[in-house]
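Reading the structure
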Amino acid sequence: MSGDLPSPLVIERILRDREGIWQQIVAERDLNALTGRMLASSAVALACYGAVLGFFHSPLMALTSALKLPLLFLVTLAICLPTLYLFNLVFGARLSVRQSLALVMVAITVTAMLAVAFAPISLFFLITAPDYGFFKLLNVAILTLSALVGLRFLTSGMQVLNDHGLLAPEAARAKVEAQDDAQAPVPAVPAAVPVGATPAAEPVAVPAGAPAVESAGNGAVTTAPAPVHVPQQWSGQPVGTSFPPGVRHPGQQRPWGERPIRPGQPTQRPASMNLLYIWILLFGFVGTQLGWTLRPFFGDPGQDFSFFRSIDGNFYAEILRTIANL
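Residues numbered from 1 in each chain as written. Predicted model: local features only at pLDDT ≥ 70, side-chain atom pairs only at ≥ 80, totals over all residues. Heavy atoms only, no water.

1. Thoughts on the overall build of the protein
For the protein, the count of helices and strands is eleven helices and four strands. By residue count, 38% of the 326 residues in the protein fall in the buried class. Taking as baseline every contact in the protein between residues at least 6 positions apart, the subset at least 24 positions apart corresponds to 65%. Just so you have it, the protein exposes about 18200 Å², and 64% of that area is on carbon and sulfur atoms. (Helix = DSSP H or I, 4+ residues; strand = E, 2+ residues; numbered from the N terminus. Buried < 20%, exposed > 50% of the residue type's maximum accessible area, 1.4 Å probe, protein only. Contact = heavy atoms within 4.5 Å. Areas by Shrake-Rupley, 256 points an atom, 1.4 Å probe, with all protein chains shown as cover.)

2. Considerations on the confidence of the model for the protein
Mean pLDDT over the protein: 76, with 64% of residues reaching 70 or higher. Taking the mean pLDDT of every element in the protein, the minimum, 45, falls on helix α9 (residues 232-235) and the maximum, 95, on helix α3 (residues 31-54). Residue range residues 1-7 is modelled with pLDDT below 50. Its contacts to residues more than four positions away, or to other chains, number 15 contacts. Predicted confidence for residues 230-240 stays below pLDDT 50, and this span has 15 contacts to residues more than four positions away or in other chains. (pLDDT = per-residue confidence, 0-100.)

3. Considering the nonpolar core
Of all hydrophobic cores here, the largest spans 55 residues; its most connected members are Ile 25, Leu 154 and Trp 279. At the level of elements, α1 (10-16), α2 (18-27), α3, α4 (59-90), α5 (97-117), α6 (119-128), α7 (132-163) and α10 (271-294) are the ones that each hand at least two residues to this core. The element best represented in this core is α5, accounting for ten residues. Apart from residues no more than four positions distant in its own chain, Trp 279 is found in contact with Cys 80, Leu 81, Thr 83, Leu 84, Val 104 and Leu 154. (Core = buried A, V, L, I, M, F, W, Y, C linked by side-chain atoms within 4.5 Å.)

4. Thoughts on the environment of Ala 51
On the secondary structure map, Ala 51 appears in helix α3. Separated by ten residues in sequence, Ala 51 and Met 61 place their C-alpha atoms 7.8 Å apart. With residues up to four places along the chain from it excluded, the contact list for Ala 51 reads Ala 62 and Ala 66.

Dropping the structure here:
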């Protein structure tokens, strides 16, 4: 499927033509339309899955959960996206706001579509095993698994942007220059000739900086720049091998501070990629705390309906308490 042709289901294009999605983000081509389709599809998918969660309590809870679950992901995105964008700028990345938003929306869309794909399984256990604690843990596990897969897409997309030099432009430029140097022809090395047995027309290996003396046909003596003598420990050639002035042997020592880059040598991972994993943890902590603030999503059958609960405790303590009660 071509990257320029929109798919009726954007998730189908993401899964079938992910390289086309990454290339479109790199080129910043029609990102507004792509982001809009991902936003709409993920909101619908999360609303459907939220309705399944709320049906454990009542139809009214299903309606509120269908509204709150998409709100949970979008508000988490609004809180964490500026951090990702600004930190990338601090470390020299050239990502625009639209590129950052599109990348994160790919992850959210994959998460939402996987969650709604698990909705029939969740509904099955809702009907056959209506236990509140088990149902809650089951759906937390489904959302966690879906989020991990979605974030895997995010890291893959960032890696593609890194390969195109958008995360570390200086490293990408140095890599290209190293490849150009590797493809450049190496100057021919004149053969070593003993001093005293060299004809006048051939170069003689003399100490570096000393002028070479040549005899012209009319008896005049001329001087020319002497070839540079290359030590054995640099070139690996026998002592006496020389190079023309200004030509540096490939094995010659580089100036202090210049770091050689060899073809095929793995490049260092940019700081933006390391920062991405930290941002993913931050995204998870913000999302879980916001989910605890927006609860209930399931609705305890032993309590009356309420749009929000009082903020006490935290998400992780509640999960541990639920596991202990099982």
